[in-house]
Structures are given as structure tokens and as C-alpha cells.
Amino acid sequence: MATGVKRAFKYRFYPTDAQAAELSRTFGCVRKVYNMALAARTEAWARQERVNYNQTSALLTAWKKTEELAYLNEVSSVPLQQALRHLQSAFANFFAKRAKYPRIKAKKTSRASAEYTSSAFRFRDGRLTLAKMADPLDIVWSRSLPDGATPTTVTVSRDSAGRWFVSLLCEDPRVKPLAATDTAVGIDVGLDHLLTLSTGEKITNPRHERRDRERLAKAQRELSRKAKGEGANRRKARQKVAKIHARIADRRRDVLHKLTTRLVRENQTLVIEDLTVRNMVKDRSLARAISDAAWAQFRSMLEYKAAWYGREVIAVDRFFPSSKLCSACGSLAEAMALHVRTWTCGSCGTAHDRDVNAANNLLAAGLAVSVCGTGVRPQRRTPGGQSAMKQKTPRREP
């Protein structure tokens, strides 16, 4: 098989009652093992000791022999071992200062999932059968896998709306670097327009959450009236709210996939802003609009697709005044209020659209880095790594 990239193909499936029960039991055991191993490592950390994956694996073997945890033997051992590997990765990221200290997985808020390696599933003739199951999963094959592809890892999950998904990790030889071009684009993100390009094109913000806001608010009011606890009526109301959120997220993800794929295919170099989205959503008046725009998700998609297809993404440093800098003569304007969307340069008299001007300045700054190297200020290349974040307070959603 030709060399390609590792790519996950996600499909929806409909389990039988027996399969759903088995998977739900597996999800619970995975969460239990992860939390117990985390507690053991935390206690060791307090004693200034380190516990690695092999030691937690030995602990798992001991836990299975106890009467209290004997039920762990009823599910496949592979997802349990994978949970320990994920915990090891979480600690590795923590020690490397790439992430915070690992947290426990709560039943109500954590993602219900289980990961199976090749020893715990059978994939033949387009039929996937997991360990501890007699029948294959009823998968809706919405798109085909690469010819001759064999999954190396299978991840089964259930979202908050009760939908079941299976993700197959395969090598895809169809993903190859595209022919190099001389095109480059600056991209300014916003709320009035989702994206403004240095070409002058403005991409409308679909405002997915706003379209379903009334429907969502009604469902949330109905949920708030249900008696607290685990009653059937409250569970149904909670799932109704989750389905609306899932519908919004699906639409948002679809739009972003189409946008990022188009931008990566059309441009060799893509220059973006390095925004502190995590800090920006702390502003309650803007949090909903910023979250709906999904700037962080947009950047993530853009970067991994650029890596797939041999493109370059450059993130501009946070101190670069892209909005106030005249893209024609380079003069820097005085403080500019957020409601000012057009302005005229006092030095050269050029009239600017604020967002288009910012995109043009981003492009110029990014090209300087591309030509002269990462030592050039006021920006630096960020190939999917850590970098300084550009502070930007967006205009309030109208």
C-alpha cells in the first residue's frame, strides 16, 4: 500500500440493545480504570514518586482479582489498557508543560468512548466486529475507506444526544502534497463576517447558534422545570437540549471543513492571527458569539490540512497592530474604537475597510517571515506549536 497520512474516518452506527449495553458497560469500566489510575498516580506524586504505564498496568491486573472490581473482567481488556496509555500521554504533556494536570473523568461531562486496537476487533469485507460481540456493528458507510485500507485503531463513542459513532484510523494514500503555487492570503477573523481575506472577499458568519437560539431556549426552560434527579422525563428533556446543541455543532463543523479545505487548496501560504480565544470567551457579553464563530476550531483545521497538503500556515504575533496600520503607506493610526469599520489614513489619504486592511497587513507580515525567517518581528511562524497570542477584542455582536 502506498504511503499516506494517518486519517480517522468517522461513521454513525446503530447498535442492537445487546451491543449498546456492552458498550455502555465498557465506557463505564474505561472511566473507572482511568480515574483509579489517576488517583494512584496522584498519591504517588504527593510522595514525590512517579508511576508509569507499566506500573498502572500491574495495578489493573491486581484490581481485576479483587471481588469489588471483578466486573472489569467482563469487558474487553484492550480499551482498559488504552485508557492507561491515554493517562500516560496526559502526564507526559503535563510534565512537558503542554497541558494542565490530568483531571478525573466525570460520568455526566466526560466523553463516553472506548478505543480498540487491532487485537480487539475484526474488520472483513466492510464489516466491523468488536471484541466480546458476536455480530458486526450496523454502520452507515457515508463515505468509502481508501482502497485496501485496514483500520489500525477503532474508537467507539456516544455523544450527549445519544448518537453512536465509530472512528476508524487508517492510512490514506490519497492525501498527498498539492502542487506548489505562488498564491498567499491573509485571513482576518471576526464576528460580523466570519473571515475577511486579503483579496477583499468577506465570508458571512452563519451564526449557527443564533438560528436555533429560540428553540434551544425553549428546550432549556423545559429541562429546568423537570424534577432534579435521574427521572425519565428529565433524561428526555436533557437529551432534547443535547440534540439541538449537536445540530448546531454539526452545521458549524461542516461549514468550517468546507472553508478550510478551499483555502488550503487555493493558497500556498496562509497568514492568520494568533488569538487568545480561551481568554476572550471570559467576556460574558461576547462569549456566546465567539464560541459560535469557533475561531480555535478553524485554526486547528487549517493547520492540520496545511500539513497534509504541503502548505504553510503563519500566525502573526499578538503585538502586531494589523487594524491600525495603513497597508498603503505603513503609517500607524491613533487609538481606533471598535465601532469604526472604515477609516482614512491621515498620511496618504487612503480609505480603508478596517477588516480588509487588517487582512492585507497580516499577509504582508506573514510574507516577511516566509522570506526572511522566523527572527523577523512582529510575527513568527507557528507550525502547529506554541506561540504568543495576539490580543484582539472583537466588536460586540449586533
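Here the structure is a predicted model, which means the values were calculated and not measured.

Outline a positive patch on the surface, listing residues and values.
Residues K100, R103, R278 and K282 make up a contiguous surface patch of positive charge. By the element assignment, K282 lies in the loop between α7 (277-280) and α8 (284-293).

Lay out the environment of T204 with the relevant residues and their values.
Within the element layout of this structure, T204 appears in strand β10 (residues 202-204). In the structure, T204 is positioned ten residues away from L194 in sequence and 5.6 Å away in space, judged by C-alpha atoms.

Account for empty space enclosed by the protein, with residues named and values stated.
For the coordinates displayed, the defined rule picks out one cavity of 30 Å³ or more. Among the elements that line the lining of the largest cavity, the one with the most residues is helix α6 (residues 232-266), at three residues. In terms of residue class, the lining of the largest cavity is made up of five nonpolar, two polar and two charged.

An account of the environment of Q239 is requested, with residue identities and associated values reported.
The residue Q239 is located in helix α6 in this model. Take Q239: its relative accessible area is 33%, and that puts it in the partly exposed class. Sequence separation of Q239 and A161 is 78 residues, and the distance between their C-alpha atoms is 5.3 Å. Sequence-distant contacts of Q239, defined by excluding residues within four places in its chain, comprise S160, A161 and G162.

Which residues make up the nonpolar core, and what are the values?
In terms of nonpolar packing, the biggest core is built from 45 residues, with L23, Y116, L128, L130, V154, V156 and V166 touching the most fellow members. Per-element accounting of this core gives the leading share, ten residues, to helix α1 (residues 17-46). Excluding its chain neighbours within four sequence positions, the residues that come into contact with Y116 are L23, T26, S76, V78, P79, F121, L130, T152, T153, V154 and V156. By size, the runner-up hydrophobic cluster in this structure holds 32 residues, among which are V175, L191, V277 and W308.

Give me the lowdown on the packing of helix α2 (residues 53-64) against helix α3 (residues 77-95), citing residues and values where you can.
Where α2 contacts α3, the two axes come as close as 10 Å, and the packing angle between them is 145 degrees. The hand of the α2/α3 crossing is right-handed. Together, Y53, T56, S57, L60 and K64 of α2 and S77, L80, Q81, L84, R85 and Q88 of α3 make up the contact between the two elements. Split into classes, the residues belonging to the contact of α2 with α3 amount to four nonpolar, five polar and two charged.

Which residues make up the UniProt feature "domain: Cas12f1-like TNB" (unreviewed entry) in the protein chain, and what values do they have?
Under the present numbering, the feature "domain: Cas12f1-like TNB" (unreviewed entry) in UniProt falls on residues 295-362. Between the first and last C-alpha atoms of residues 295-362 the distance is 16 Å; the span itself is 35% helix and 16% strand.

So what's going on with the packing of aromatic side chains? Which residues, and what values?
Inspection of the entire model under this criterion finds twelve aromatic pairs. Seen from their ring centres, F94 and F95 are 5.4 Å apart, and the 55 degrees between their planes marks the pair as tilted. On the basis of relative accessible area, F95 is assigned to the partly exposed category, the value being 29%. What links up through ring pairs into an aromatic cluster is the set W45, F91, F94, F95 and Y101.

Summarise the UniProt feature "domain: Probable transposase IS891/IS1136/IS1341" (unreviewed entry) in the protein chain; cite the residues concerned and give the values.
Here the UniProt-annotated "domain: Probable transposase IS891/IS1136/IS1341" (unreviewed entry) positions come out as residues 169-282. As annotated, residues 169-282 comprises 49% helix and 20% strand, and the C-alpha atoms at either end are separated by 35 Å.

Would you mind going over the packing of helix α5 (residues 213-225) against α6 in detail, with residue names and values included?
With their axes 9 Å apart at the nearest point, α5 and α6 run at an angle of 160 degrees to one another. When the interaxial angle is binned, α5 and α6 end up roughly antiparallel. Our pair here, α5 against α6, has a crossing hand that is left-handed. Residues R215, L216, A219, Q220, E222 and L223 of α5 form the contact with α6, whose participating residues are R234, A237, R238, K240, V241, I244, H245 and R247. For the contact of α5 with α6, the residue count by class is six nonpolar, two polar and six charged.

Got a sec to walk through the pairing of strand β1 (residues 5-13)? Specific residues and values, please.
In the sheet, β1 pairs with strand β7 (residues 164-172) via nine bridges, with the strands oriented antiparallel. Looking at β7, one finds that F9 is bridged to L168. Of the strand pairs in this sheet, β1 and strand β5 (residues 139-140) are connected by two bridges, and their pairing is antiparallel. For F13, the partnering residue across the bridge sits in β5 and is I139.

Tell me about α8, and please be specific about residues and values.
Residues of α8 that are buried include every one of L286, A287, A289, I290, D292 and A293, and no others. Looking at the packing, one finds that the buried side of α8 touches β9 (193-197), α4 (208-211), α6, α7 and α9 (295-309). Directly beyond the C-terminal end of α8, a positive phi value near 55 degrees is found at A294.

Any details on the state of the cysteines? Residues and values, ideally.
Scanning all chains against the criterion turns up zero disulfides. Lacking any disulfide linkage, C348 is separated from the closest cysteine sulfur, that of C329, by 3.7 Å.

Talk me through the pattern of salt bridges; I want residue IDs and the actual numbers.
Using the criterion set out here, one finds 21 salt bridges in the structure. With a shortest N-O distance of 2.8 Å, R213 and E209 are connected by a salt bridge. Owing to a relative accessible area of 25%, R213 belongs among the partly exposed residues under this scheme. Notably, a salt bridge pairs K258 with D254, separated by 3.2 Å at the nearest N-O pair. Here D254 and K258 lie together in helix α6, a separation of four residues that amounts to about one turn.

About the criteria used
Residues numbered from 1 in each chain as written. Predicted model: local features only at pLDDT ≥ 70, side-chain atom pairs only at ≥ 80, totals over all residues. Heavy atoms only, no water. Patch = residues over 30% accessible without salt bridge, like charges linked within 9 Å, V, L, I, M, F, W, Y side chains within 5 Å. Areas by Shrake-Rupley, 256 points an atom, 1.4 Å probe, with all protein chains shown as cover. Salt bridge = Lys/Arg side-chain N within 4 Å of Asp/Glu carboxyl O. Lys, Arg positive; Asp, Glu negative; His and termini not counted. Charge placed at Lys NZ, Arg CZ, Asp CG, Glu CD. Helix = DSSP H or I, 4+ residues; strand = E, 2+ residues; numbered from the N terminus. 1 Å grid on protein atoms, 1.4 Å probe; cavity = no way out; pocket = protein on both sides within 12 Å on 5 of 7 lines; lining within 4 Å. Points joined across faces, edges and corners; volume = space filled by probe spheres on them. Nonpolar A, V, L, I, M, F, W, Y, C, P; charged D, E, K, R; others polar. Buried < 20%, exposed > 50% of the residue type's maximum accessible area, 1.4 Å probe, protein only. Contact = heavy atoms within 4.5 Å. Core = buried A, V, L, I, M, F, W, Y, C linked by side-chain atoms within 4.5 Å. Axes fitted to C-alpha atoms, helices over the stretch in contact; angles between N-to-C directions. Left-handed = near helix turned anticlockwise from the far one by under 90°. UniProt positions renumbered as here; feature names shortened; annotations may be inferred. Phe/Tyr/Trp six-rings, centres within 6.5 Å; stacked < 30°, edge-to-face > 60°. Parallel < 35°, antiparallel > 145°, perpendicular 65-115°, else oblique. Pairing = 2+ DSSP bridges. Disulfide = S-S within 2.5 Å.

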